[in-house]
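# Report on the structure
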Amino acid sequence: TAFIARRLLRTRWITLFNWTGTACFCALLVRRERGSWPLVFCVLAEGFSFLWIMTREPMHPGGTITLIVAAAAWLGWEMIQAGRINGFALVIGSMGSLLALIKINVGVFLILSALFWFVLSQPTDRRHHRHLLLCLLGVLLPLVLMNTLLADQWVRTFVVFSAFSITAVVLGGTSIFGGTGS
């Protein structure tokens, strides 16, 4: 039993590392974009508290997945802000591949999200209304992924909410609907 206790303690430390790292990457992203220390501390506390569920299953791949996604978001943002598009592609490609090795659909979603993010981060004059194409893809993506389960009510609800959410994010970031367009 001492061996099991030590092993369980070790897995709890790894879970705590994933948990803390995820919250810190989220806070760093907010600090870089908004610069508000109170907001940073709120995001850090909120991010940390949202991940409490990880304590139920130490060493579940979800902990590592959240850490990699949060790191990709922060590093990707840093690369885009620095104008290092090759660095952005390298970060997202490597982290997306790593995520695909853990759980393939998460890796695919990270890469697709990064593609959306990249297109939306382009200056308005370089975008040429690509946001409308992204909206269309955002509506079609949940339909294509869940088409075999569309007979279930919860799947139809998920598809509708996903499509609306993706469309709202894309249109919210465009200048034609009052967003910054950057």
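Just above, that's the structure.
Report on the accompanying structure. Quick caveat: nothing in here was measured; it's all calculated off a predicted structure. (Residues numbered from 1 in each chain as written. Predicted model: local features only at pLDDT ≥ 70, side-chain atom pairs only at ≥ 80, totals over all residues. Heavy atoms only, no water.)

### Some remarks on the overall build of the chain
What the chain contains, in helices and strands, is 8 helices and 0 strands. Counting only contacts in the chain whose residues sit at least 6 apart along the sequence, the fraction spanning at least 24 positions is 60%. Carbon and sulfur atoms make up 72% of the accessible area of the chain, which totals about 11,500 Å². (Helix = DSSP H or I, 4+ residues; strand = E, 2+ residues; numbered from the N terminus. Contact = heavy atoms within 4.5 Å. Areas by Shrake-Rupley, 256 points an atom, 1.4 Å probe, with all protein chains shown as cover.)

### As for the environment of Trp74
Within the secondary structure layout, Trp74 lies in helix 3 (residues 61–81). When its relative accessible area of 22% is taken as the criterion, Trp74 is described as partly exposed. For the pair Trp74 and Leu29, spaced 45 residues apart in sequence, the C-alpha to C-alpha distance is 5.3 Å. The contacts of Trp74, once residues within four sequence positions are left out, are Phe25, Leu28 and Leu29. (Buried < 20%, exposed > 50% of the residue type's maximum accessible area, 1.4 Å probe, protein only.)

### Considering the packing of helix 4 (residues 85–102) against helix 5 (residues 104–121)
Running from amino to carboxyl end, helix 4 crosses helix 5 at an angle of 160°, the nearest separation of the two axes being 6 Å. In terms of axis orientation, helix 4 runs roughly antiparallel to helix 5. The two elements helix 4 and helix 5 meet at a crossing, and its hand is right-handed. Contacts from Ile85, Phe88, Ile92, Met95, Gly96, Leu99, Ala100 and Ile102 of helix 4 reach helix 5 at Ile104, Val106, Gly107, Leu110, Ile111, Ala114, Trp117 and Phe118. Residue composition of the contact of helix 4 with helix 5, by class: 14 nonpolar, 2 polar and no charged. (Axes fitted to C-alpha atoms, helices over the stretch in contact; angles between N-to-C directions. Parallel < 35°, antiparallel > 145°, perpendicular 65-115°, else oblique. Left-handed = near helix turned anticlockwise from the far one by under 90°. Nonpolar A, V, L, I, M, F, W, Y, C, P; charged D, E, K, R; others polar.)

### Some words on helix 4
Given a rise of 1.5 Å per residue, 18 residues ought to cover 26 Å, and the 26 Å separating the end C-alpha atoms of helix 4 matches this to within 8%. Where helix 4 is concerned, the buried positions are Gly87, Phe88, Val91, Ile92, Met95, Gly96 and Leu99. Burial along helix 4 is one-sided: seen end-on, the buried residues are contained in an arc of 150°. Those residues of helix 4 that are exposed and aimed more than 90 degrees away from the buried face are Asn86, Leu90 and Leu101. Where the residues of helix 4 are buried, they touch helix 3 and helix 5. (Expected span 1.5 Å × (residues − 1). Arc of directions from axis to C-beta.)

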